[in-house]
Amino acid sequence: MSAQSPTVATACASIRFAELEELLHQVFVRHGTSAQVAAILAHNCASAERDGAHSHGIFRIPGYLSTLASGWVNGTAVPSVTDVASGFVRVDAGNGFAQPALAAARPLLVEKARSAGIALLAIHNSHHFAALWPDVEPFAEEGLVALSVVNSMTCVVPHGADRPLFGTNPIAFAAPRADGAPIVFDLATSAIAHGDVQIAARKGERLPPGMGVDSLGQPTQDPKAILEGGALLPFGGHKGSALSMMVELLAAALTGGNFSFEFDWTDHPGARTPWTGQLLIVIDPSKTAGQSFAQRSQELVRQMHAAGLRRLPGDRRHRTRAKSQETGIELDAQALRELRALAAG
Ligand code: NDP
Ligand code: PYC
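Predicted, not measured: the structure shown is a model, and the values here were computed from it. Along each chain, residues carry numbers from 1 onward, in the same order as the chain's sequence is written. In the order they appear in the text, chains get letters beginning with A and ligands get numbers beginning with 1. Residue-level local features of this predicted model are given only where pLDDT is at least 70; pairs of side-chain atoms are given and counted only at 80 or more, and the full residue set underlies all totals for whole chains, interfaces and linings. The side-chain values count all of the structure's non-hydrogen atoms but skip hydrogen atoms and water molecules.

Participant: Whenever I open this one, the overall build of the protein confuses me. Can you help?
Facilitator: Secondary structure elements follow DSSP: runs of H or I of four or more residues count as helices, runs of E of two or more count as strands, with numbering from the N terminus. Regarding its fold elements, the protein presents 11 helices and 12 strands. Only the C-alpha atoms count toward the radius of gyration. The rule for a globule is 2.2 Å times the residue count to the power 0.38. Computed over C-alpha atoms, the radius of gyration of the protein comes to 20 Å, within 12% of the 20 Å expected from 2.2 N^0.38 for 345 residues, which places it in the range of a compact globule. Projected onto its principal axes, the C-alpha coordinates of the protein cover approximately 55 × 50 × 45 Å. Only protein chains enter the area calculation, which uses a 1.4 Å probe; residues under 20% of their type maximum are buried, those over 50% are exposed, and those in between are partly exposed. Here the protein holds 345 residues, and the buried ones make up 49% of them. Carbon and sulfur atoms provide 56% of the accessible area of the protein, an area that totals close to 15,600 Å². None of His or the chain ends enter the tally, which takes Lys and Arg as positive and Asp and Glu as negative. For this purpose, a charge sits on NZ of Lys, CZ of Arg, CG of Asp or CD of Glu. Positive and negative charge centroids in the protein, built from 28 and 31 side chains respectively, lie 5 Å apart. Every accessible area reported is derived by Shrake-Rupley at a probe size of 1.4 Å, with residue values counting cover from the shown protein chains alone.

Structure representation (structure tokens):
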């Protein structure tokens, strides 16, 4: 949990999802969030840990807490939802976290998507510090298709540029399928998520080539050189860069949120959460012509497997989830002790 954990192997501990969620709830409340915000963030963070999404699980707790302590984010914000048009919902997150804003607008968003066939949720004045798949997967579990984008903080050099401008800007997509868990992918448009660079730096590991540059703009595989004055690259050269640009447009320009380069947190030492925006598009596939969408997506998966594909996006998470549900979530024992200490105040 500490920012500078040693790289030595440590003992493991196991914890049930509900217990971890409760522990995280206590941690958030102790450090300045309302009970409602704590419940949403705790569920999100415990879900990431359960699914093995480690770059956005309990690893993020020190960042959440230092941000709350810095006054950069409002942990008790009450989102304000506006019914803008037949297919458009807007939320001002009140300088709070994005997930409570989504939760507040969700019933209206779903109602609109089911009635019009498609609806859009524009969240601004929000902080997103988590994985994006927890925001879209539940829509697919109730038969809807969902796409979401969120921008973050300047640390990615646009393809062909000289200095960082974009955030790591993830895109997440979820679609129902007939005979299995929804199809879900969730990926940063940078070559690697910022969280994974921090984890590699902490473990003393080198990165694969092509992830980032140092402070002089030279390619580097040293995560510390990327974090200390360097920057990340987009995935896939100009293609990932174009997608990252799209995320800036949809998550910031369209929602009324900040671009990744527009906020300045230097007056808030300890602030880690990007103050930006998030867009969600939700589609009701029952409105489409022809066969059921879920049957069609199942057929696509069948053909992909027949073509030799062994791993769909989301398969690893779901395997880890099943194991966590069976035997408990495996955590570093020291990290669990630190969480308990934080919960106790
Ligand atoms: P990964 O590159 O690890 O994975 C991206 C997607 O590809 C996942 O859906 C993953 O499924 C799938 N995948 C990975 N490897 C394979 C493979 N070999 N075959 C098939 N599918 C595969 O994710 P990123 O590092 O890009 O992002 C990590 C997290 O960071 C995301 O949750 C993202 O939302 C988050 N993030 C959040 C930001 C924010 O501002 N809040 C900013 C940037 C990133 P699976 O999960 O099953 O492995
Ligand atoms: O891992 O790139 C990242 C990230 C940015 C904000 C939250 N996560």
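Participant: Explain the packing of helix α2 (residues 35–50) against helix α5 (residues 133–141) here, please?
Facilitator: The geometry of α2 relative to α5 is characterised by a closest axis approach of 10 Å and an angle of 85° between their N-to-C directions. When the axis of α2 is compared with that of α5, the two are roughly perpendicular. Along its contact with α2, which presents Asn44, Ser47, Ala48 and Arg50, the element α5 presents Trp133, Pro134 and Asp135. Classifying every residue of the contact of α2 with α5 by side-chain character gives 3 nonpolar, 2 polar and 2 charged. What counts as an axis is a line fitted to C-alpha atoms, over the stretch in contact for a helix, and the angles between N-to-C directions run from 0 to 180 degrees. Angles are sorted into four bins: roughly parallel if under 35 degrees, roughly antiparallel if over 145, roughly perpendicular if 65 to 115, and oblique for all others. In this description, contact between two residues means that some pair of their heavy atoms is separated by no more than 4.5 Å. Note that Gly is not counted as nonpolar here; it falls among the polar residues with everything else outside the nonpolar set of Ala, Val, Leu, Ile, Met, Phe, Trp, Tyr, Cys and Pro and the charged set of Asp, Glu, Lys and Arg.

Participant: Would you mind going over the pairing of strand β4 (residues 118–127) with me for this structure?
Facilitator: Regular strands place side chains that alternate from one sheet face to the opposite one. Of all 10 residues in β4, 9 are buried, a share of seventy percent or more. The pairing criterion for strands is at least two bridges between them, as found by DSSP. Bridge count for strand β3 (residues 88–97) against β4 is 7 bridges, and the pairing is parallel. Across the sheet, the residue bridging to Arg90 is Ala122, located in β4. Remark: the β3/helix α4 (residues 98–116)/β4 crossover connection has right-handed handedness. Across 9 bridges, the pairing between β4 and strand β11 (residues 275–283) is antiparallel. The residue of β11 that forms the bridge with His124 is Gly277. With the strands pointing away from the viewer, any crossover whose connection runs clockwise from the first strand over the helix to the second is right-handed.

Participant: Please clarify how the site of ligand 2 should be interpreted in this entry.
Facilitator: Residues are classed as near a molecule or strand on a simple rule: at least one heavy atom within 4 Å of it. The immediate surroundings of ligand 2 are formed by His56, Arg60, Ser152, Met153, Thr168, Ala193, His194, Gly195 and Pro274. Side-chain polar atom of Arg60 to an oxygen atom of ligand 2: 3.1 Å apart, as the coordinates give it. What qualifies as a polar contact is a pair of N or O atoms within 3.5 Å, subject to a donor-acceptor requirement within protein and to the restriction that residues adjacent in sequence count only when both atoms come from side chains. Measuring from an oxygen atom of ligand 2, one finds a side-chain N or O atom of Thr168 at 2.7 Å. Taking 250 Å² as the accessible area of ligand 2 by itself, protein coverage stands at 93%. Split by residue class, the shell around ligand 2 holds 3 nonpolar, 5 polar and 1 charged.

Participant: Hey, could you run me through the sheet that holds strand β2 (residues 80–85) in this one?
Facilitator: Picture the strands of a sheet paired through backbone hydrogen bonds; they go either parallel or antiparallel. Taken in spatial order, the 7 strands of this open sheet run β2-β3-β4-β11-β5-β6-β7, and their pairing is mixed. Two strands in the sheet have a free side with no partner beyond their single neighbour: β2 and β7 (183–187). Here the average twist between neighbouring strands, direction ignored, is 15°.

Participant: Looking at this structure, I do not really get the sheet that holds strand β10 (residues 231–232). What am I missing?
Facilitator: Strand order in the open sheet formed by 3 strands is β9-β8-β10, and the pairing between neighbours is antiparallel. Looking at which strands have only one partner, the edges of the open sheet turn out to be β9 (219–220) and β10. Bridge count between strand β8 (residues 212–213) and β9: 2 bridges; the pairing is antiparallel. Note that in β9 the partner of Val213 across the bridge is Pro219.

Participant: Sorry, what's going on with the pairing of β3 here?
Facilitator: The pairing of β2 with β3 spans 5 bridges and is classified as antiparallel. In the sheet register, Val81 faces β3, and the bridge partner there is Val91.

Participant: Could you clarify how one ought to interpret the site of ligand 1 in this entry?
Facilitator: Surrounding ligand 1, one finds 20 residues, the nearest of these being Ala130, Asp186, Ala188, Gly314 and Arg316. Separating a nitrogen atom of ligand 1 from a side-chain N or O atom of His128 is a distance of 3.1 Å. A distance of 2.4 Å separates an oxygen atom of ligand 1 from a polar side-chain atom of Asp186. When ligand 1 sits alone it has 920 Å² of accessible area, and the protein chains cover 74% of it. At the level of secondary structure, the elements contributing two or more residues to the shell around ligand 1 comprise β7 and α10 (315–327). Split by residue class, the shell around ligand 1 holds 9 nonpolar, 5 polar and 6 charged.

Participant: Sorry if this is basic, but what is going on with the packing of helix α1 (residues 17–30) against α2 here?
Facilitator: For any two helices packed against each other, one specifies the crossing angle of their axes together with the interaxial distance. Running from N to C, α1 and α2 cross one another at 135°; their axes reach a closest spacing of 8 Å. The angle between α1 and α2 falls in the class oblique. In this structure, α1 meets α2 at a crossing whose hand is right-handed. Packed against α1, whose contacting residues are Phe17, Leu20, Glu21, Leu24, His25, Phe28 and Val29, the element α2 presents Ala35, Ala38, Ala39, Leu41, Ala42, His43, Cys45, Ala46, Ser47, Glu49 and Arg50 at the interface. Each crossing is labelled by how the near helix is turned from the far one, with a counterclockwise turn of less than a right angle marking it left-handed and a clockwise turn marking it right-handed.

Participant: So what exactly am I meant to see when it comes to the pattern of salt bridges here?
Facilitator: Pairing is possible between side chains that carry opposite charge, provided their charged atoms lie close to one another. Each salt bridge in this description consists of a side-chain nitrogen of Lys or Arg and a carboxyl oxygen of Asp or Glu lying within 4 Å of one another. Here the structure, examined in full by the defined rule, presents 11 salt bridges. Between Arg106 and Glu142 there is a salt bridge; the shortest N-O distance is 3.0 Å. Of this pair, Arg106 sits in helix α4 while Glu142 is found in the loop between α5 and β5 (145–150), placing the two residues 36 residues apart along the sequence. With relative accessibility at 22%, the residue Arg106 sits in the partly exposed group. Note on Glu142: relative accessible area 33%, which makes it partly exposed. For Glu137, the salt bridge identified is with Arg321, shortest N-O distance 2.8 Å. Placement of the pair is Glu137 in helix α5 and Arg321 in helix α10, with a sequence separation of 184 residues.

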